[in-house]
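Remarks on the overall topology
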Amino acid sequence: MPEILSGYGWMILGGLGLTIAVAVTSMFGAILAGLAASLLSLSGSVVLRAMVRVYTTVIRGIPELVLLLLVYYGIPTLIQDLSAGAGFPVEVNLNPFAAGVTTLAFIYGAFTCEVFRSAYLAVPQGQRESAAAFGLTPYQTFRAIIFPQMLRYALPALGNVWMVLLKATALISIIQLPELMRTTDMAARATRQPFTFFLIACVAYLAITLVSMWGQARAERWANKGIARSSA
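Here goes a summary of the coordinates provided.

Parameters and conventions
- Residues numbered from 1 in each chain as written.
- Predicted model: local features only at pLDDT ≥ 70, side-chain atom pairs only at ≥ 80, totals over all residues.
- Heavy atoms only, no water.
- Helix = DSSP H or I, 4+ residues; strand = E, 2+ residues; numbered from the N terminus.
- Rg over C-alpha atoms; globule rule 2.2 N^0.38 Å.
- Buried < 20%, exposed > 50% of the residue type's maximum accessible area, 1.4 Å probe, protein only.
- Contact = heavy atoms within 4.5 Å.
- Areas by Shrake-Rupley, 256 points an atom, 1.4 Å probe, with all protein chains shown as cover.
- Lys, Arg positive; Asp, Glu negative; His and termini not counted.
- Charge placed at Lys NZ, Arg CZ, Asp CG, Glu CD.
- 1 Å grid on protein atoms, 1.4 Å probe; cavity = no way out; pocket = protein on both sides within 12 Å on 5 of 7 lines; lining within 4 Å.
- Points joined across faces, edges and corners; volume = space filled by probe spheres on them.
- Nonpolar A, V, L, I, M, F, W, Y, C, P; charged D, E, K, R; others polar.
- Phe/Tyr/Trp six-rings, centres within 6.5 Å; stacked < 30°, edge-to-face > 60°.
- Expected span 1.5 Å × (residues − 1).
- Salt bridge = Lys/Arg side-chain N within 4 Å of Asp/Glu carboxyl O.
- Patch = residues over 30% accessible without salt bridge, like charges linked within 9 Å, V, L, I, M, F, W, Y side chains within 5 Å.
- Axes fitted to C-alpha atoms, helices over the stretch in contact; angles between N-to-C directions.
- Parallel < 35°, antiparallel > 145°, perpendicular 65-115°, else oblique.
- Left-handed = near helix turned anticlockwise from the far one by under 90°.

**Some thoughts on the overall build of the protein**
- In terms of regular secondary structure, the protein is built from 10 helices and 0 strands.
- Taking 17 Å as the expected radius of gyration for a compact globule of 232 residues, we find that the protein reaches 22 Å, considerably beyond that expectation.
- Taken along the three principal axes of its C-alpha coordinates, the protein extends 70 × 60 × 25 Å.
- Counting the 232 residues in the protein, one finds 34% classified as buried.
- Contacts in the protein between residues at least 24 apart in sequence constitute 78% of all its contacts with a sequence separation of at least 6.
- Within the structure as shown, the protein displays about 13,300 Å² of accessible surface, and the carbon and sulfur contribution to it stands at 70%.
- With 15 positive and 9 negative side-chain charges, the protein shows a separation of 14 Å between the mean positions of the two kinds.

**A closer look at the layout of surface pockets**
- Approximately 340 Å³ is the volume attributed to the largest pocket.
- Looking at the largest pocket, it is lined by 13 residues, and the ones nearest its centre are Ile31, Leu151, Leu155, Leu158 and Ala219.
- If you tally residues by element for the lining of the largest pocket, the top one is helix H7 (residues 138–168), at 7 residues.
- Its residues assigned to classes, the lining of the largest pocket shows 11 nonpolar, 1 polar and 1 charged.

**A word on the packing of aromatic side chains**
- If you walk through the whole model with that rule in mind, you get 5 aromatic pairs.
- Seen in terms of ring centroids, Tyr8 and Phe197 are 5.9 Å apart; in terms of plane orientation they differ by 75°. Their pairing is edge-to-face. In this pair, Tyr8 is assigned in the loop between helix H1 (2–5) and helix H2 (9–41) and Phe197 in helix H9 (residues 194–223), connecting sequence segments 189 residues apart.
- Here the aromatic rings of Tyr55 and Phe106 are separated by 4.9 Å at their centres, their planes lie at 50°, and the arrangement is tilted.

**Thoughts on H9**
- The terminal C-alpha atoms of H9 lie 43 Å apart, and with 30 residues this matches the ideal 44 Å at 1.5 Å per residue to within 8%.
- Every buried residue of H9 is accounted for by Thr196, Phe197, Ala201, Ala204, Tyr205, Ile208, Ser212 and Gln216.

**As for the side chain of Thr112**
- When you line up the elements, Thr112 lands in helix H5 (residues 96–122).
- Leave out the neighbours within four places in its chain, and Thr112 touches Ala30, Ile31, Gly34, Leu158 and Val161.

**Re the pattern of salt bridges**
- Considering all chains together, one arrives at 2 salt bridges under this definition.
- With a closest N to O distance of 4.0 Å, Glu114 and Arg60 form a salt bridge. Separated by 54 residues along the polypeptide, Glu114 in helix H5 and Arg60 in helix H3 (residues 46–61) bring together distant segments of the chain.
- For Glu114, a relative accessible area of 26% gives the class partly exposed.

**Some words on a nonpolar patch on the surface**
- Taken together, the side chains of Val54, Val58, Ile62 and Val66 define a hydrophobic patch exposed on the protein surface, amounting to about 290 Å² of accessible area.
- Relative to the helices and strands, Val54 is located in helix H3.
- Using a relative accessible area of 51% as the deciding quantity, one classes Val54 as exposed.

**Description of the packing of H3 against H5**
- The geometry of H3 relative to H5 is characterised by a closest axis approach of 9 Å and an angle of 120° between their N-to-C directions. It follows from the interaxial angle that H3 and H5 lie oblique. When you trace H3 past H5, the crossing you get is left-handed. Only Ala105, Phe106, Ile107, Gly109, Ala110, Phe111, Cys113 and Glu114 of H5 make contact with H3, whose side of the interface consists of Val52, Tyr55, Thr56, Ile59 and Arg60.
- Per-class residue counts for the contact of H3 with H5 are 9 nonpolar, 2 polar and 2 charged.

What follows is the structure in structure tokens.
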């Protein structure tokens, strides 16, 4: 094993670091997109609710890989064709990291939208009515009363979204980003040892997942600390 890894160990570690960076950045973007979409879905505007419904429906119906290829290869080609037709040709080259993160954040934002929407509806209506009776503005009510409880309700489902998103980062290898899957594939081809290097990838993904599960469990205990004491 050490002989096989010689010359590839640091490359794989770099790929692992890039995978974590992609996953964390994408999850952050997905949370922001999902929170914004959930608030729009709960607004009084029929148009905004319809837009969110179209967004979540499209994401459910199109495979992640197709969307990734559409963003990375399709959109630049479309822009170049349109600009050439208008007489102002431009060359568009997307950064693989930016394209991958944007695509994953857009995809999983649809799932976090449903998570936050359900969490919002789980907060008792009476608390919003009490806050209004005390003269709190809608923003103050959301920031001080609704949002903290939303996070507590949303944590388990957000953890599940994170686990799925983490594994989905492997798809980005198809657009040449040297993350974990890409680097282990390169090493496997160069050494003709696919079992060894893909097993390393499996172990690495499993290790991140186990650490994530541990972190999620601690976060949920912290979020429910006051609830547990009051029910004891």
